[in-house]
Amino acid sequence: MSNIVTLPLACSKLLREKARCKLSFAQIASHIGHDEVWTAALFYGRATPTLKDIHQLADLLNLSAESLEDDFRMAGPPTREVDVSGKTDPVVYPFQEAIALYAPAIRTVIAEKLGDGAVCSAAMKVRVEKVSRAKGNDVRLVLESKHTPFQSW
């Protein structure tokens, strides 16, 4: 089984220009007014940009907005298929799905902030927080762990 993921043309263009311009997802997110993980998810084909997002990205990355619009249109809806087969618990499943869905974005943002490395599940602290809202309560799940840089030898 291959780990190679074929990205839509629009995403390949965005990633290429991001690297060429030496921008982080935090910098790009700030420019377009979104969270950096959502922005990274967009670049990996897992989120849908608005026309405003496309034009702001095109401007920032020196791309043709019309061409980028066409590329996103041709790509169709984002790929959000994740394999969490057999997982149906209504409390646990959404978290497994979210981690699987945003894994490429999360991995890239961690690497941008901390460098190439691994996150240790054995050292992970998990907090569940209640977030009170006007229309009911939400939940915030916080995962905190040790980051260990990969070594060269």
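Residues numbered from 1 in each chain as written. Predicted model: local features only at pLDDT ≥ 70, side-chain atom pairs only at ≥ 80, totals over all residues. Heavy atoms only, no water.

Naming follows an unreviewed UniProt entry, where the protein appears as Cyanate hydratase of Coemansia asiatica.

Q: How would you summarise the overall build of the protein if you had to cite specific residues and measurements?
A: In terms of regular secondary structure, the protein is built from six helices and four strands. Counting helices and strands in the order they occur from the N terminus, the protein gives α-α-α-α-α-α-β-β-β-β. Projected onto the principal axes, the alpha-carbon positions of the protein cover approximately 50 × 45 × 35 Å. Within the protein, the fraction of its 153 residues that count as buried is 27%. For the protein, the share of sequence-separated contacts (at least 6 apart) that also reach a separation of at least 24 residues comes to 53%. By element, 56% of the accessible surface of the protein is carried by carbon and sulfur atoms, the whole surface being about 10500 Å². (Helix = DSSP H or I, 4+ residues; strand = E, 2+ residues; numbered from the N terminus. Buried < 20%, exposed > 50% of the residue type's maximum accessible area, 1.4 Å probe, protein only. Contact = heavy atoms within 4.5 Å. Areas by Shrake-Rupley, 256 points an atom, 1.4 Å probe, with all protein chains shown as cover.)

Q: So what's going on with unusual backbone geometry? Which residues, and what values?
A: The phi dihedral of Lys-22 falls on the positive side, at around 55 degrees, and the residue is not glycine. One non-glycine residue, Asn-62, lies in positive phi territory at about 55 degrees. Its location among the elements puts Asn-62 in the loop between α4 (51-61) and α5 (65-75). With relative accessibility at 60%, the residue Asn-62 sits in the exposed group.

Q: With reference to specific residues and values, describe the pairing of strand β2 (residues 125-133).
A: Pairing between β2 and strand β3 (residues 136-144): nine bridges, direction antiparallel. Considered in β3, the bridge of Arg-127 is made with Val-142. What sits between the antiparallel neighbours β2 and β3 is a turn of two residues. (Pairing = 2+ DSSP bridges.)

Q: Kindly report on the environment of Lys-52, identifying the contributing residues and their values.
A: Looking at the secondary structure, you find Lys-52 in helix α4. Separated by 13 residues in sequence, Lys-52 and Ala-65 place their C-alpha atoms 9.8 Å apart.

Q: So what's going on with the nonpolar core? Which residues, and what values?
A: In terms of nonpolar packing, the biggest core is built from 21 residues, with Leu-14, Phe-43, Leu-57, Leu-61, Leu-63, Leu-68 and Phe-72 touching the most fellow members. When residues of this core are traced back to their parent elements, those giving at least two are α1 (9-21), α2 (25-32), α3 (36-43), α4, α5 and α6 (93-114). Look past the residues within four positions of Phe-43 in its chain and what remains in contact with it is Leu-7, Cys-11, Leu-14, Leu-15, Lys-18, Phe-25, Ile-28, Leu-57 and Leu-61. (Core = buried A, V, L, I, M, F, W, Y, C linked by side-chain atoms within 4.5 Å.)

Q: So what's going on with the UniProt feature "domain: HTH cro/C1-type" (unreviewed entry) in the protein? Residues and values would help.
A: Summarizing the sequence annotation, UniProt attributes the feature "domain: HTH cro/C1-type" (unreviewed entry) to residues 45-68 in the numbering used throughout. When the span residues 45-68 is considered, its composition is 62% helix and 0% strand, and the gap between its end C-alpha atoms is 13 Å. (UniProt positions renumbered as here; feature names shortened; annotations may be inferred.)

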